[in-house]
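# Residue-level structure breakdown
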Amino acid sequence: MASLETIPVQTSSGMLDNATIIALSVFFTLLCACIIIGHLLEENRWANESITALLLGLCAGAVVLLVSKGNSSRILVFSEDLFFLYLLPPIIFNAGFQVKKKQFFKNFTIILLFGIFGTVISFCLISLGASLLFKKIGVASFVIQDYLAIGAILSATDSVCTLQVLSQDETPLLYSIVFGEGVVNDATSIVLYNSVQSLDFNHIDATIALKLLGTFLYLFFTSTILGLAVGLLSAFIIKTLYFGRHSTDREVALMMIMAYLSYMLAELLSLSGILTVFFCGIVMSHYTWHNVTESSRITTKHAFATMSFIAETFIFLYVGMDALDISKWRESNAGAGTSVAVSSTLLALVLIGRAAFIYPLANLINCLSKRESAKIEFRQQFIMWWAGLMRGAVTIALSYNEFSSSSKVTSTKDSALMITCTIIVVLFSTVVFGSVTKPLIEAVLLRHARPAISDATDIPSLEDLRLLFLENGDEDDQDGNGNLPVPKGSSFRLLITYPTFTVHYFWRKFDDKFMRPVFGGRGFVPFVPHSPTGAENET
C-alpha cells in the first residue's frame, strides 16, 4: 500500500516493525486531530476541514523534516495505488449514493455541458498554453504527449472545499451544478488522461484528434454502462435472495463488496473507475438500498458517508505532508524564480481555462432556457468559476503518475519540477481560494439572493398532468375549471420546451412498469415476518 522511509526495527513479535507502528500511530493521531479541530472550526468563516487537514499535514511534514535533519519529510511515501485503489473509490461511490437524484437529473444537461464540454475546453487551452509558454521559461524537454497530459492533469477540479460551505437548501441549483460538474469533471479528466496515454504520438497525422475523441467516448460510455450493470446486478441479487431474512450483515457486506468490485472491474478493463463507481452508487441508492432491511439502510447510509469522510481527510492530510517532499525539490534543482514562473503559469492557465467555458456556456444556457428559475445569474457564474479553481489529490496523483516514471524521455529535472510546481498550485489554490470561499459566497450570493419564484413549470406533477392528457388523448375533455386540455399535436413541442420533465415522466413510467418489478426499489420490497427490520415493533 505505502512503503516507509525509515529502516525497520523488528519487534519482539517478529511480525511488525516499529517504523510501521509509529508511522500509522502518528497518522491516525493526525486524523483524530483533524476531526476535532474541524469540529471546533465548524462556524469559522475562513477555515474548513479540508484546509485544516492540509495545514496540519504541512506542520507534521515540517516536524518530520526537522527531526530527520532535512533528510525526509514523509512518514509514508506517496503511492498512486494507495490513492486510486483505496481512497478515491469510497469518496466517489458515496457521492453517487448520497446524491439528490431529482436535483441532479433535473440539471443533468447543464452538468454534462460543464463537466464534459467545459473540461475539454479547459484541457485544450491549458495544453496549448503550456506548450507555448514553457519553452520561454526554459522548460524545453517536454513533448506533445506531456503537454496534453498537463492539460488533463490541471483540468481536474476539487470542489470539496466549496461543497462544504454551499447549502443544498439555500442554493439548490448552484449546489447541484457544482457537485455534479465536480464529479463528471474528475471522471472526464482521468478519461482524457488515459486517452492521451493510450495513443501513439510518434506518428501524428490528421486522424489523431478523431482517435482521441473516439477513445474518450468509448471509455466514457462503457464505464457508465458497467456501473449501471453492476448496480442492477446487486439489486437483483439482494431482491431475489433477500438476505435480510437471516442476516443483515450479509446484505450490507454484499453492497459494499459489489460497489468496490465495480471500480476494480473498470480498472481491470482499462475503463474509468470513477464513472463506473459513481453510477453504480446512483443505481444502488435507487434500487438496491430499498431492497435491504430498515436497519441495513441506516447502516449503509452512515457507513458509506463515514468511509468517504475519512478518505477525504486522509487525502488532504497526506497531500499536506507530501508537499515537503525534500527529495523532489532537490531533484528538480530549479531556482526559486523558475519554480515561481512555472507555478504562476500553471495557475494562470487554470484561471483562464475555467473562465473560458463557465461564462460562455452559462450564457448559452440562459439564452436557451425559458424558465427564469433555471437561468444562472452572473453572481452564480462567478461562484461556479471560483469553485472550480481549487485543485486537489486527483491532480497530484495524475502528476506523480505522469512525471515519476523512469521510462519517460522527459528530463528528470523537468519532471521533478512539474511535480513540485503541481504541489504548489494545489496548496495555493486550496488554502487561498478555499479559505475565501465561504465569506465570498456570503458576500456575493446569499446577501443578494433572489426570493424564491413560484414557477408552475418547475413542478413535476403539473407537467405529468399535461403529459397524461397527451397520452390518453382526452382532447374533448375539460377539467373542473373549464381549462382547455393540451392538444396532441403539441407533444413534440412539449418535449422540446420542457425536455427534463418530459423525459422524467416517461422514465418514471418505464421504471414503475418494467424496472422496479425486476430490480426492486421503493414499494417493491417483499415483507418477511420476523425479519430484523423492527417492523413488528412499529405496527
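In this text, all values refer to a predicted model and were calculated from it rather than measured experimentally.

## Details of the confidence of the model for the chain
Of all residues in the chain, 79% have pLDDT values of 70 or greater, and the mean over the chain is 79. For the chain, per-element mean pLDDT is lowest for helix H21 (residues 535-538), which scores 40, and highest for helix H10 (residues 248-268), which scores 93. Low confidence marks residues 452-489, where pLDDT is under 50. Its contacts with residues over four positions away, or in another chain, come to 45 contacts. pLDDT under 50 marks residues 531-539. Its contacts with residues more than four places away, or in other chains, come to eleven contacts.

## Description of the layout of surface pockets
Here the second largest pocket defines a volume of roughly 450 Å³. Phe123, Cys124, Leu148, Ala209 and Leu212 are, among the 21 residues lining the second largest pocket, the residues nearest its centre. When contributions to the lining of the second largest pocket are tallied by element, the ones reaching two or more residues are helix H5 (108-137), helix H6 (144-154) and helix H9 (208-241). The element contributing the most residues to the lining of the second largest pocket is H5, with eight residues. For the lining of the second largest pocket, the residue count by class is 19 nonpolar, two polar and no charged.

## Let's talk about the packing of aromatic side chains
Each aromatic ring pair is specified by the distance between its two centres and by the angle formed by the two planes. In the structure shown here, the tally under the stated rule is 30 aromatic pairs. Between the aromatic rings of phenylalanine 142 and phenylalanine 403, the centroid separation amounts to 5.6 Å while the plane-to-plane angle is 50°, which identifies the pairing as tilted. Residue phenylalanine 142 is located in the loop between H5 and H6, and its partner phenylalanine 403 is located in helix H16 (residues 393-403); the two are separated by 261 residues in the primary sequence. Residue phenylalanine 142 is classed as buried on the basis of its relative accessible area of 5%. Centroid distance tyrosine 287 to phenylalanine 519: 6.2 Å. Interplanar angle 55°. Geometry classified as tilted. Here phenylalanine 519 lies in helix H20 (residues 499-519) and tyrosine 287 lies in helix H11 (residues 273-291), a separation of 232 residues in the sequence. Grouping residues by exposure puts tyrosine 287 and phenylalanine 519 together as buried. One aromatic cluster is present, built from ring pairs that chain together Phe104, Phe105, Phe108, Phe278 and Phe279.

## Here we look at a nonpolar patch on the surface
Taken together, the side chains of Leu210, Leu213, Leu217, Phe221 and Ile225 make up a nonpolar region of the molecular surface, amounting to roughly 520 Å² of accessible area. If you trace the backbone, leucine 210 turns up in helix H9.

## Quick word on the nonpolar core
Grouped together as the largest cluster of nonpolar side chains are 127 residues, with contacts concentrated most on Phe114, Phe134, Ile150 and Leu346. Counting residues per element, this core draws most heavily on helix H8 (residues 172-198), at 14 residues. Residues in contact with phenylalanine 114, not counting those within four places in the same chain, are Thr119, Ile177, Glu181, Phe357, Ile358, Leu361, Ala362, Ile365, Ile376 and Met384. Within the second largest apolar cluster, six residues are counted, among which are Leu232, Val283, Tyr287 and Phe519.

## Comments concerning the environment of lysine 106
Summarising the element assignment, lysine 106 is placed in helix H4 (residues 101-106). Taking the C-alpha atoms as reference points, lysine 106 and valine 503, separated by 397 residues in sequence, lie 9.9 Å from one another.

## Describing the pattern of salt bridges
Tallied over the entire structure, the rule returns four salt bridges. Among the salt bridges present, the one from arginine 516 reaches aspartate 511, with a minimum N-O distance of 3.0 Å. Notably, a salt bridge pairs arginine 516 with aspartate 512, separated by 3.8 Å at the nearest N-O pair. Within this pair, arginine 516 and its partner aspartate 512 are both found in helix H20, separated by four residues, close to a single helical turn.

About the thresholds
All residue numbers here refer to positions counted from 1 along the written sequence of the relevant chain. Per-residue local features of the predicted model are confined to residues with pLDDT of at least 70, and side-chain atom pairs are confined, for both listing and counting, to 80 or more; whole-chain, interface and lining totals are unaffected and use all residues. Note: side-chain values were computed over all heavy atoms of the structure, leaving out hydrogens and water. For every residue, the pLDDT score states the predictor's confidence, bounded by 0 at the bottom and 100 at the top. In DSSP terms, a helix is any run of H or I states spanning at least four residues, a strand is any run of E spanning at least two, and both are numbered starting from the N terminus. The contact rule is simple, with two residues in contact once any of their heavy atoms fall within 4.5 Å. Think of a 1 Å grid over just the protein atoms. A cavity is a set of points where a 1.4 Å probe fits yet cannot get out, a pocket is an open set with protein on both sides within 12 Å along at least five of seven lines, and lining residues have an atom within 4 Å of a point. Grid points are joined across faces, edges and corners, and a volume is the space filled by probe spheres set on the points. Three categories are distinguished: nonpolar for Ala, Val, Leu, Ile, Met, Phe, Trp, Tyr, Cys and Pro, charged for Asp, Glu, Lys and Arg, and polar for the others, with Gly belonging to the last. Two rings belonging to Phe, Tyr or Trp (six-membered ring only in the last case) form a pair when the distance between their centres is within 6.5 Å. Interplanar angles under 30 degrees mark stacking, angles over 60 mark edge-to-face geometry, and anything in between is tilted. Burial here depends on accessible area, computed with a 1.4 Å probe over protein chains only, as a share of the maximum for the residue type. Under 20% is buried, over 50% is exposed, and the range in between is partly exposed. Each patch groups residues whose relative accessible area exceeds 30% and which form no salt bridge, using 9 Å between like charges and 5 Å between nonpolar side chains of Val, Leu, Ile, Met, Phe, Trp and Tyr. Computed with the Shrake-Rupley method and a 1.4 Å probe, the accessible areas treat only the protein chains shown as cover for residues. Any Lys or Arg side-chain nitrogen found within 4 Å of a carboxyl oxygen on Asp or Glu counts as a salt bridge. Take the buried residues of types Ala, Val, Leu, Ile, Met, Phe, Trp, Tyr and Cys, join any two whose side-chain atoms come within 4.5 Å, and each joined set is a nonpolar core.

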